[in-house]
Amino acid sequence: MPEPAVPPTPPVPLTALLAREDLGLRQLAGPPAEGVVVHWVHTSEMADPYPYLLGGELLLSAGVHIPEAAGPGTSYFDDYVSRIVAAGGAALGFGVAPVHDTVPHALVAACASHGLPLLEVPPRTTFSGVARAVWQLMARARLAELRRVTEAQQSLATAASRPDPVPSVLRQLAQRLGGWAVLYGPEGTEIAGAGREPGDEARGALTRLGEVVRPARSMPAAGASSQSDPTSLAGPPRPAEPGPSAASRVSAPSSATDSVAGLHLAAYGLGAGHGFVLGVAAPQRTAGDHTVASVAAVLLSLLTGEQQSGTGAARSSALVRMLLGVSPEEVASLLGDGPWVVVRARPDGDGAPGPVAASALGAALGSALVDPAGDVVRVLVPADRAPADPLPGWTLGVSAAVEPEDWPTADTQAARALVRARATRAPLLRHGARPALADLVPPGEAAAHARALLAPVTAHPALTETLRTWLSLHGSWDRTAVALSVHRNTVRQRITRCAALLATDLDDPDVRMELWFALRHI
């Protein structure tokens, strides 16, 4: 039977039921209520309720079944309570009306002897009222648990879209579960972890538990659990039988659990099938924890797995054909319908994005055509999936929608949009595509004019790019320095050099307009 998509209804603590003033329940015997939970309510007047109990019930009885001969000198109450305990009953509620005025002392003694919580139900409280209170508490607990799971899912999805998606997902998962989350690689080594690290004993047990769910390296050990049968791990995993391929080995369960050194351990095999495993160690395990961890496992599967599909083969074919000299427009059909936009993205903060971060960005944009290039990631995206909203942790520059033959032009547009976005601190900036006065001049004549006008500076690419950026930012030294990642004095020196080579006054707005027109055609 498959694991439900939502967490099961949490049980009700007995303390919560005793705290209800409208019920007036009072505990007379048994262990402290703090460690007792109730899963449901059952009413029975049978002398032997064992056949009718499933375990975890608060059994309610008015004592109709008690014979007149029952008393301290008989074994009736001892037998009755022992049968409730054997059936797994959580507690016994005894109503003092209408049959009995008080709870029999022999029943109190029997519950104390067998460790069964005994509650006195006052005359004013009906059994149906007790049952309704339990269902109300269960509904509130379930609503709170669903809210917690929903919030966790949203926070995990947000973490997966950050420039450092794997560490972010692990940090968020560890925070939500109040423990430690770790990602194991195909060889069983710890790739990344977050949260409160457990001791060596629990850490070693979690590593061994990961081998149980890694199909390429092991087969399930006795006691390992799958998603449909969560049980504890009874012993170390057994090695897989040798064979020529992973396909010939016994499939592993998707998850396994264990308890070591007071910690609840869980391991999840990531679905891409490449041997990555998510491990979790937490001091407690609530009804929704498995659901939260499963969401994290799905996200990590997307972040760590290769796409082995017909679409992936088509992309590989397109790449090979282009490397062998075929034009982009000839292979575009292998990649999907156009037109396309180019997105250039740069992570906020220092450091270049890694391959996993780049893949996560592509997943967020709905495209696997991703190129991590230094501190910038380029993504080729179908125009109908062009980003409409910023992505947390990234600054985006987006080109106009173009056909495959204009991909290089779109890349240039995205690069310039990204420069302006970083300079103006905008999280997303698109290339403007509306008609301009420049469209009135034939492209050939415009290009010839641009080459002649800018010839003194085009021999120096750094000067050309600095002039372009400086003009696009309305002559701002500081913003140009930010956009080019250089010092503002360097910007001043380069602009001064441009003015000298061009023999013109760059403070003149007419000069700036003419230079900007020319720069758009080289």
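Further up the page is the structure itself.
None of the values given here were measured: they were computed from a predicted structure.

Undergrad: I keep staring at a nonpolar patch on the surface and nothing clicks. Help me out?
TA: A surface patch of nonpolar side chains, amounting to about 370 Å² of accessible area, comprises W40, L54 and W135. Relative to the elements of secondary structure, W40 occurs in strand β4 (residues 40-43).

Undergrad: So what exactly am I meant to see when it comes to the sheet that holds strand β14 (residues 277-282) here?
TA: The strands making up a sheet associate through backbone hydrogen bonding, with each pair oriented either parallel or antiparallel. Within the open sheet, the five strands sit side by side as β9-β8-β14-β13-β12. Their pairing is antiparallel. In this open sheet, the two edge strands, each paired with only one partner strand, are β9 (190-195) and β12 (255-260). Here the strands of the sheet are splayed against their neighbours by 15° on average, with no regard to which way each runs. Relative to strand β13 (residues 263-269), β12 runs antiparallel, the two sharing six bridges. Bridge assignment links T257 to a residue of β13, and that residue is A266. Running at roughly 30° to β13, helix α6 (residues 200-212) makes contact with β8 (180-184), β9, β12, β13 and β14 of the sheet.

Undergrad: Even after reading the chapter, I still don't get a negative patch on the surface, so can you show me in this structure?
TA: A surface patch of negative charge is lined by E329, E330, E403, E405 and D406. Relative to the elements of secondary structure, E405 occurs in the loop between β18 (394-398) and α11 (407-423).

Undergrad: Explain the environment of A33 to me, please; I cannot follow it from the model alone.
TA: Residue position: A33 is located in the loop between β2 (26-29) and β3 (37-38). Linking A33 and T15, residues 18 residues apart in sequence, is a C-alpha distance of 5.6 Å. Residues contacting A33, with those up to four places away along its chain left out, are L14, T15, L18 and Q27.

Undergrad: Looking at this model, I keep getting lost on the pairing of β8. Mind explaining?
TA: Moving residue by residue along a regular strand, the side chains alternate between the two faces of the sheet. A large share of β8 lies buried, amounting to five of its five residues. Bridge count between β8 and β9: five bridges; the pairing is antiparallel. Within β9, the residue paired with V182 across the bridge is G193. Remark: five residues form the turn of the hairpin made by β8 and β9, two consecutive strands paired antiparallel; G188 in that turn has positive phi of roughly 90°. Judged from the five bridges that link them, β8 and β14 form a sheet pairing that is antiparallel. Residue pairing in the sheet places A181 in a bridge with V280 of β14.

Undergrad: For this particular structure, what's the right way to read the side chain of S399?
TA: Within the secondary structure layout, S399 lies in the loop between β18 and α11. Classification of S399 as buried rests on a relative accessible area of 5%. Polar contacts involving the side chain of S399 include one to the main-chain amide nitrogen of V342, which spans 2.8 Å.

Undergrad: Can you help me understand helix α7 (residues 289-304) in this one?
TA: Note: α-helices contain 3.6 residues per turn, so residues at a spacing of three or four share the same orientation. Relative to the 22 Å expected for 16 residues at 1.5 Å per residue, α7 spans 22 Å between its end C-alpha atoms, a close match to the ideal helical length. Across the 16 residues that make up α7, a large majority, 13, are buried.

Undergrad: Explain the pairing of strand β7 (residues 118-121) here, please?
TA: Residues L118 and E120 line one face of β7 and the alternating positions L119 and V121 line the opposite face, and both faces are buried. Where β2 and β7 come together, three bridges link them in antiparallel fashion. Counted as the bridge partner of Q27 is L119 from β7. Relative to β7, strand β6 (residues 91-95) runs parallel, the two sharing four bridges. Directly across from F94, in β7, lies its bridge partner E120. What joins β6 to β7 is helix α3 (residues 105-114), and the crossover it makes is right-handed.

Undergrad: Would you mind showing me how to read the pattern of salt bridges here?
TA: Here the idea is simple: oppositely charged side chains can pair when their charged atoms come close. Applying the stated criterion across every chain yields a total of 15 salt bridges. We note a salt bridge from D375 to R346, for which the minimum N-O separation is 3.2 Å. With D375 in the loop between β16 (370-373) and β17 (376-382) and R346 in strand β15 (residues 340-347), the pair connects residues that are 29 residues apart, well separated along the chain. Judged by its relative accessible area of 34%, D375 is partly exposed. Each member of the salt-bridge network shares a partner with another, and the members are R344, D371, R378 and D411.

Undergrad: Any chance you could explain the sheet that holds strand β19 (residues 428-430) here in plain terms?
TA: Pairing is mixed across the open sheet formed by five strands, whose spatial order is β16-β17-β15-β18-β19. In this open sheet, the two edge strands, each paired with only one partner strand, are β16 and β19. Each neighbouring strand pair of the sheet contributes to a mean axis angle of 20°, computed without reference to strand direction. Pairing of β16 with β17, which is carried by four bridges, proceeds in the antiparallel orientation. Looking across to β17, one finds that V370 is bridged to V379. The strands touched by α11 are β15, β17, β18 and β19; relative to β15, the strand with the most contacts, the crossing angle is about 35°.

Calculation rules
- Along each chain, numbering runs from 1 in the same order as the chain's sequence is written.
- Per-residue local features are limited, in this predicted model, to residues with pLDDT of at least 70; the limit for side-chain atom pairs, both in listing and counting, is 80 or more; totals at the level of whole chains, interfaces and linings are taken over all residues.
- To obtain the side-chain values, all non-hydrogen atoms of the structure were used and water was disregarded.
- Like-charged residues within 9 Å of one another, or nonpolar side chains (Val, Leu, Ile, Met, Phe, Trp, Tyr) within 5 Å, are grouped into patches, provided each residue has over 30% relative accessible area and no salt bridge.
- What sets the accessible areas is the Shrake-Rupley method with a 1.4 Å probe; for residues, cover comes only from the shown protein chains.
- The rule for a salt bridge is simple: a side-chain nitrogen of Lys or Arg has to be within 4 Å of a carboxyl oxygen of Asp or Glu.
- Secondary structure follows DSSP: runs of H or I at least 4 residues long count as helices, runs of E at least 2 residues long count as strands, and numbering of each begins at the N terminus.
- Any two strands between which DSSP finds at least two bridges are classified as paired.
- Axes here mean lines fitted to C-alpha atoms, for a helix over just the part in contact, with angles spanning 0 to 180 degrees between N-to-C directions.
- For this analysis, residues touch if any pair of their heavy atoms sits within 4.5 Å.
- Note on charges: Lys and Arg go in the positive column, Asp and Glu in the negative column, and His and the chain ends are not counted at all.
- By convention, the point assigned to a charge is CZ for Arg, NZ for Lys, CD for Glu and CG for Asp.
- Each residue is assigned to one of three classes by its accessible area relative to the maximum for its type, calculated with a 1.4 Å probe on protein chains only: buried under 20%, partly exposed between the two thresholds, exposed over 50%.
- Pairs of N or O atoms within 3.5 Å make up the polar contacts considered here, provided that, within protein, one atom can donate a hydrogen while the other can accept it, and that residues adjacent in sequence are counted only when both atoms are side-chain atoms.
- Expected helix span is given by 1.5 Å per residue-to-residue step, counting one fewer step than there are residues.
- Note on handedness: a clockwise path from strand one over the helix to strand two, with the strands aimed away from the viewer, defines a right-handed crossover.

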